[in-house]
Amino acid sequence: MKTILTALLICFVFCRVQAQLTPFELSKDKNYTATYSEIIAYYQKLSLHNPQMKLINYGTTDVGKPLTLVVLSRDRIFDPKLIKQQNKRVLLINNGIHPGEPEGIDASMMLTRDLLKKNALPKDVVICIIAVYNIDGCLNRGLSRINQNGPRAYGFRGNYRNLDLNRDFIKADSKNALAFEQILNTWNPEVFLDNHTSDGADYQYVMTLIETQKDKQNPILADYTSKTLSPELYKRMIKSGYEMTPYVESEEKSPDSGIVSFLETPRFATGYTAQHNIISYITETHMLKPFDKRVYATYDFEQNLIDIYERDAELIGELKHKADEQVSKQKTFALNWDVDKEHYDSLTFKGFTAGYKPSEVSGLPRLYYDRTKPYTKTIKYFDNYVATATADKPLAYIIPQAWGKVIELFKLNNVAMKRLSHDTTLNLQMYYIGDYKTPQRPYEGHYLHSNVKLNPADISIKFYAGDYVIYTNQPLNRYIVETLEPQGVDSFFAWNFFDSVLGEKEYFSDYVFEDVAADLLKKDPELKKKLDDEKSKDPRLAASAGAQLNFVYRNSPYFEKTYLRYPVGRLLTDTKLDLK
Ligand SMILES: [Zn+2]
């Protein structure tokens, strides 16, 4: 009897452990990433036996399936508000935003099981894992990353709308992005991790790392990450056997001449989370290394991050609080950045010697990396950025309710907003769009504006009951200012949210306006002088009847005042408002 019981027990344990192996682990050559249905089935099965784990679905994605969040909570508390009340921290891990870069998907499945099995969930950190973010792309399985060394098949980068979801966090065209923003603003993580695979140059490292660019990051958080968290992650990954280097982006083809730290503007996941004062990392395993090594490196990175986070949970909570307070009071905000070529650091880099040989395709010289010639060199590291545009925040922004998508996104992001109780005329600063550049072809479904020049004007504008007032004394100030200031690299203006103000609605008929214009010039000597001055400066104007009529029209009271006027008002003086 005892033997039978022991055999049964062994079988029970064995069968359960078998059942808990991931599809990656079950594949013989470990060159396999789980499919969407395998991912969800795996987590569902795991959650049946584990009260410390809960699956929560958010919204839908563009392909109609919900975004599944795996929540791991040692104390079995799954209410985000209660978690905060109990002074616990939250870690959010995102996987499969680029489903062709799936290490995080498989690594997170194994790590979830192991943390539960070993009863090793952190005490003070609740772990939230997005099982797979780009479900649409994950379902579109094939071999679309031609240079990548495995797995055998994987999902496609574009989602169902053919969007790169890692450019979609500000414009939020996809339902995936809206569900992500709901998750982020419900769970309010203090630390965020986004898992990827990198292409580009060859070198010795399996894993590279992007951290929120330090000059773009809140200085309180940057001080901690650059002095403590990041160095410790690098140190622990050496111990794990996966020494890392910063993400390799070089202006030349080979990294020997130096690498540039990656600038993740707000359109990227970590650029968006940085606006929320969240410490953020991106793992980028190297495409040419075997898939299993890439998965294990990602697994170890996640474990190391969790360990340090648990150790520093109290401190990270305090720093987040301080950063939120500081941003609430911050006056000037950077809107765009550029790498500082003059001031660079150096780092020790383990590369492979690059060379050129004749191409068998073209006969022309081609780049190659010689893996038999590894080297360790000190290279330049361009990791300093300078702000190229800044804005001082107003006391409040006034957003007409007509701009619904802005309001919808602000609500989703928990931006505190009030509404005007009744129609109100306000003296404030409005921007006229002086100039901007727009590309010929669309980028991620938009004609992204850049090089925006503004002409501020202090004027009086009538707003309507129900229009929105956003005071700039909020922890979310960065998100507010960087999206609403048109010069922001990823502002709503840049992403075409306000394009209707760039078109004229009325015009004139030359033959009718001739008489009106002549009358206007007679009655307004100042206007006449202005026209004459311009004519003497500009021979083309002097030679064109139509251009002169147009000049008079644009300087007349008939010309529409809303043309090129950015509709969001900047309230600069303390004005008593009736609000609801
Ligand atoms: Zn990627």
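Residues numbered from 1 in each chain as written. Predicted model: local features only at pLDDT ≥ 70, side-chain atom pairs only at ≥ 80, totals over all residues.

Asks: Which parts of the structure should I look at to understand the overall build of the protein chain?
Replies: Looking only at helices and strands, the protein chain has 17 helices and 19 strands in total. Counting only C-alpha atoms, the protein chain reaches 115 × 65 × 40 Å along its principal axes. Out of the 580 residues in the protein chain, the part that is buried amounts to 41%. In the protein chain, once contacts between residues fewer than 6 apart in sequence are set aside, the share between residues at least 24 apart is 77%. (Helix = DSSP H or I, 4+ residues; strand = E, 2+ residues; numbered from the N terminus. Buried ≥ 20, exposed ≤ 12 C-beta atoms within 10 Å, placed from the backbone. Contact = placed C-beta atoms within 7 Å.)

Asks: Mind showing me how you'd approach the domain arrangement of the protein chain here?
Replies: The figure often quoted for interface size is the accessible area lost as the parts come together. As assigned here, the protein chain comprises domain 1 (2–326), domain 2 (345–386), domain 3 (393–504 + 563–571) and domain 4 (510–554). In this structure, domain 2 and domain 4 have C-alpha centres spaced 62 Å apart. (Domains from an automatic or database assignment.)

Asks: Sorry if this is basic, but what is going on with the sheet that holds strand E11 (residues 345–358) here?
Replies: Strands belonging to one sheet form pairs held by backbone hydrogen bonds; the direction of such a pair is parallel or antiparallel. Pairing is mixed across the open sheet formed by three strands, whose spatial order is E8-E12-E11. Of all strands in the sheet, those bounded by a partner on one side alone are strand E8 (259–260) and E11. By the bridge criterion, 14 bridges tie E11 to strand E12 (residues 365–382) in an arrangement that is antiparallel. Note on E12: the bridge partner recorded for Asp345 is Tyr381. (Pairing = 2+ DSSP bridges.)

Asks: Just to check I follow, could you spell out the nonpolar core for this structure?
Replies: Within the largest apolar cluster, 127 residues are counted, with the highest numbers of intra-cluster contacts made by Leu91, Cys128 and Ile398. Sort the elements by how many residues they give to this core and helix H10 (residues 291–311) lands first, with nine residues. The residues that make up this core include at least three from each of domain 1 (2–326) and domain 3 (393–504 + 563–571). With residues near it in sequence (within four places) discarded, Ile398 still touches Leu426, Leu428, Phe463, Asp467, Val469, Val568, Gly569 and Leu571. (Core = buried A, V, L, I, M, F, W, Y, C linked by C-beta atoms within 7 Å.)

Asks: When you look at the sheet that holds strand E6 (residues 207–211) in this model, what are you seeing that I'm missing?
Replies: Across the sheet, which stays open at both edges, the eight strands sit in the order E1-E2-E4-E3-E5-E9-E6-E7 with mixed pairing between neighbours. Looking along the sheet, the strands with just one partner apiece sit at the ends: strand E1 (53–58) and strand E7 (244–246). Adjacent strand axes in the sheet meet at a mean angle of 25° when their direction is disregarded. Both strand E2 (residues 67–72) and strand E4 (residues 125–130) contribute to a ladder of four bridges, which runs antiparallel. Directly across from Leu72, in E4, lies its bridge partner Ile127. Sitting on the sheet, helix H3 (residues 36–48) touches E1 and E2, and the angle it makes with E1 is about 135°. (Axes fitted to C-alpha atoms, helices over the stretch in contact; angles between N-to-C directions.)

Asks: I keep staring at the environment of Ser250 and nothing clicks. Help me out?
Replies: Secondary-structure assignment places Ser250 in the loop between E7 and E8. Given 17 C-beta atoms within 10 Å, Ser250 falls into the partly exposed group. On a C-alpha basis, the gap between Ser250 and Ala201 in space is 8.7 Å, while along the polypeptide they are 49 residues apart. For Ser250, the residues in contact, after removing those within four places along its chain, are Ala201, Pro255, Ser257, Gly258, Ile259 and Val260.

Asks: What am I meant to see in helix H13 (residues 477–484) here?
Replies: Structurally, the α-helix is built with 3.6 residues per turn, so residues lying three or four positions apart point the same way. Across the eight residues that make up H13, a large majority, eight, are buried. All buried positions along H13 are accounted for by Asn477, Arg478, Tyr479, Ile480, Val481, Glu482, Thr483 and Leu484. Where H13 is buried, its residues contact helix H9 (269–275), helix H11 (313–329), strand E10 (332–339), strand E13 (385–392), strand E14 (396–399) and strand E18 (468–471).

Asks: Help me understand the packing of helix H8 (residues 219–240) against H10, please; the structure alone is not making it clear to me.
Replies: Between two packed helices, the angle of one axis relative to the other and the distance separating the axes together describe the packing. Running from N to C, H8 and H10 cross one another at 135°; their axes reach a closest spacing of 10 Å. Taken together, H8 and H10 sit at an angle that is classed as oblique. The element H8 and its partner H10 pack so that their crossing is right-handed. Across the interface between the two elements, Leu229, Glu232, Leu233, Arg236, Met237 and Ser240 from H8 touch Asp300, Phe301, Asn304, Leu305 and Ile308 from H10. Here the residues of the contact of H8 with H10 are counted per class, giving six nonpolar, two polar and three charged. (Parallel < 35°, antiparallel > 145°, perpendicular 65-115°, else oblique. Left-handed = near helix turned anticlockwise from the far one by under 90°. Nonpolar A, V, L, I, M, F, W, Y, C, P; charged D, E, K, R; others polar.)

Asks: What's the story with unusual backbone geometry in this structure? I'm lost.
Replies: Most peptide bonds take the trans form, and the phi angle of most residues other than glycine is negative. The step from Gly150 to Pro151 runs through a cis peptide bond, and the omega angle for that step is 0°. A positive phi angle, close to 60°, is found at Arg76, a residue other than glycine. Structurally, Arg76 can be placed in the loop between E2 and helix H4 (80–85). Judged by local crowding, Arg76 falls into the exposed class, with 11 C-beta atoms found within 10 Å. A positive phi is found at Asn277, a non-glycine position, where the angle reads about 55°. Position of Asn277 among the secondary structure elements: in the loop between H9 and strand E9 (279–286).

Asks: Explain the environment of Arg294 to me, please; I cannot follow it from the model alone.
Replies: Mapped onto the fold, Arg294 is located in helix H10. Between the alpha carbons of Arg294 and Leu571 there is a distance of 51 Å; along the sequence they are 277 residues apart. Sequence-distant contacts of Arg294, defined by excluding residues within four places in its chain, comprise Glu103, Thr197, Val206, Thr285 and Lys289.

Asks: Got a minute to help me understand H11 in this structure?
Replies: An ideal rise of 1.5 Å per residue puts 24 Å on 17 residues; H11 measures up with 25 Å between its terminal C-alpha atoms. Turning to H11, its buried residues number three or more, namely Ala313, Ile316, Leu319, Lys320, Ala323 and Val327. Looking straight down H11, one finds that the buried residues subtend no more than 120° of arc, so they occupy a single side. Every exposed residue of H11 that faces more than 90 degrees away from the buried side is listed here: Glu314, Leu315 and Lys329. (Expected span 1.5 Å × (residues − 1). Arc of directions from axis to C-beta.)

Asks: Can you help me understand the packing of helix H5 (residues 103–117) against H10 in this one?
Replies: Orientation of H5 relative to H10, taken along the N-to-C sense of each, is 55°, at an axis distance of 8 Å. On the basis of the axis angle, H5 is oblique to H10. In the packing of H5 onto H10, the handedness of the crossing is right-handed. Here Glu103, Gly104, Asp106, Ala107, Ser108, Met110 and Leu111 of H5 come into contact with H10, specifically with Arg294, Val295, Thr298, Tyr299, Glu302 and Gln303. Looking at the contact of H5 with H10 residue by residue, the classes come out as five nonpolar, four polar and four charged.

Asks: What should I look at first to understand the environment of Thr376 in this one?
Replies: Topologically, Thr376 is positioned in strand E12. Its 9 C-beta neighbours within 10 Å are what place Thr376 among the exposed residues. Residues Thr376 and Gly351 lie 25 residues apart in sequence; the distance between their C-alpha atoms is 6.4 Å.

Asks: Would you mind showing me how to read the confidence of the model for the protein chain here?
Replies: Caution applies to low-pLDDT parts of the model: their predicted coordinates are not meant to be read in detail. With 96% of its residues at a pLDDT of at least 70, the protein chain reaches an overall mean of 95. In the model, residues 11–15 has pLDDT below 50 throughout and makes zero contacts with residues more than four positions away in sequence or in other chains. (pLDDT = per-residue confidence, 0-100.)

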